[in-house]
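Descriptive structure summary
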Amino acid sequence: MNITFQSIHFAADQKLKAYISQKLEKLKKFNDQILDCKVIMKLENNGQVKDKIVEILVKIPGETFISIEDSKTFESSCDKAVVSLKRQIKRHKVKLISKKRSG
């Protein structure tokens, strides 16, 4: 699985990238055909509060899953996004299985 990172309005450190990579590797349990992941991290400045936004695009053959989450930390945003992607991948797998059974 190929993982690319893009950070907007800040420079992401290696520790954060390693954390996100570790979380994304766990998605392989739910679909081993994941081709690549694109992680976009944004630092949004709304007045005094700086929200950390993580946008993750996961590509498998014939499908792309997207999750955008924001929180006070990038790690928390990443965790939420991975949970959302896990749910999407599982739902897609169930849909494929039901199509094979009916078709």
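What comes next is a walk through the structure. What you see is a predicted model, and the numbers here were worked out from it, not measured in a lab. Per-chain numbering applies: the sequence of each chain, read as written, is numbered from 1 onward. In keeping with the model being predicted, local features are shown solely for residues with a pLDDT of at least 70 and side-chain atom pairs are shown and tallied solely at 80 or more, while totals for entire chains, interfaces and linings include all residues. Heavy atoms throughout the structure, all of them, feed into the side-chain values; hydrogens and water do not.

**Quick notes on the overall build of the protein chain**
Only DSSP runs of H or I covering at least 4 residues are called helices, and only runs of E covering at least 2 are called strands; the numbering of each starts at the N terminus. On a plain count of helices and strands, the protein chain comes out with 2 helices and 4 strands. Secondary structure of the protein chain in N-to-C order comes out as β-α-β-β-β-α. C-alpha atoms of the protein chain, sized along the principal axes, occupy 55 × 25 × 20 Å. Of all 103 residues assigned to the protein chain, the portion counted as buried reaches 34%. Considering only intrachain contacts with a sequence separation of at least 6, the fraction spanning at least 24 residues in the protein chain is 48%. Residue-level accessible areas treat just the shown protein chains as cover; the underlying method is Shrake-Rupley with a 1.4 Å probe. Accessible surface for the protein chain amounts to roughly 6,600 Å². Of this, 50% is attributable to carbon and sulfur atoms. Relative accessibility thresholds used throughout: buried, under 20% of the residue-type maximum; exposed, over 50%; partly exposed, between the two (1.4 Å probe, protein chains only). The criterion used for residue contact is that any of the two residues' heavy atoms lie within 4.5 Å.

**Thoughts on the environment of V54**
With respect to the element layout, V54 can be found in strand β3 (residues 49–60). Using a relative accessible area of 0% as the deciding quantity, one classes V54 as buried. Along the sequence, V54 and E69 sit 15 residues apart, while their C-alpha atoms lie 5.5 Å from each other. Ignoring any residue separated from it by four or fewer positions in sequence, one finds V54 in contact with V39, I40, M41, S67, I68, E69, F74, S77 and C78.

**Some thoughts on unusual backbone geometry**
Despite not being glycine, H9 has its phi angle at roughly 75°, a positive value. Mapping H9 onto the fold places it in the loop between β1 (2–8) and α1 (14–25). For H9, a relative accessible area of 64% puts it in the exposed group.

**Topic: the packing of aromatic side chains**
Here the aromatic set is Phe, Tyr and Trp, taking the six-membered ring for Trp, and pairing holds for ring centres within 6.5 Å; pairs whose planes are under 30 degrees apart are stacked, those over 60 apart are edge-to-face, and all others are tilted. Using the criterion set out here, one finds 1 aromatic pair in the structure. Seen in terms of ring centroids, F10 and F74 are 4.7 Å apart; in terms of plane orientation they differ by 20°. Their pairing is stacked. Of this pair, F10 sits in the loop between β1 and α1 while F74 is found in helix α2 (residues 74–102), placing the two residues 64 residues apart along the sequence. Owing to a relative accessible area of 22%, F10 belongs among the partly exposed residues under this scheme.

**As for a positive patch on the surface**
Within the patch definition used here, like charges are joined within 9 Å and nonpolar side chains (Val, Leu, Ile, Met, Phe, Trp, Tyr) within 5 Å, considering only residues with over 30% relative accessible area and no salt bridge. Here a salt bridge means any side-chain nitrogen of Lys or Arg lying within 4 Å of a carboxyl oxygen belonging to Asp or Glu. When charges are counted, Lys and Arg are positive and Asp and Glu negative, with His and the chain ends excluded. Working definition for charges: the position is that of NZ of Lys, CZ of Arg, CG of Asp or CD of Glu. Together, R87, R91, K95 and K99 line one region of the surface with positive charge. Mapped onto the elements of the fold, K99 is located in helix α2. Residue classification places K99 among the exposed positions, given a relative accessible area of 56%.

**Some points on the nonpolar core**
In this structure, L24, L27, V39, M41, I56 and V58 are the most contacted members of the largest nonpolar core, which totals 22 residues. Broken down by secondary-structure element, the contributors of at least two residues to this core are α1, β2 (36–46), β3 and α2. Considering each element in turn, this core owes the most residues, 6 residues, to α2. Once residues within four sequence positions are removed from consideration, L27 is found in contact with I34, V58, V82, L85, K86 and I89. Throughout this description, the term nonpolar core refers to a set of buried Ala, Val, Leu, Ile, Met, Phe, Trp, Tyr and Cys residues connected via side-chain atoms within 4.5 Å.

**Overview of the pattern of salt bridges**
Summed over the entire model, instances satisfying the criterion amount to 4 salt bridges. Notably, a salt bridge pairs D51 with K72, separated by 3.0 Å at the nearest N-O pair. Of this pair, D51 sits in strand β3 while K72 sits in the loop between β4 (63–71) and α2; the two residues are 21 residues apart in sequence, bridging distant segments of the chain.

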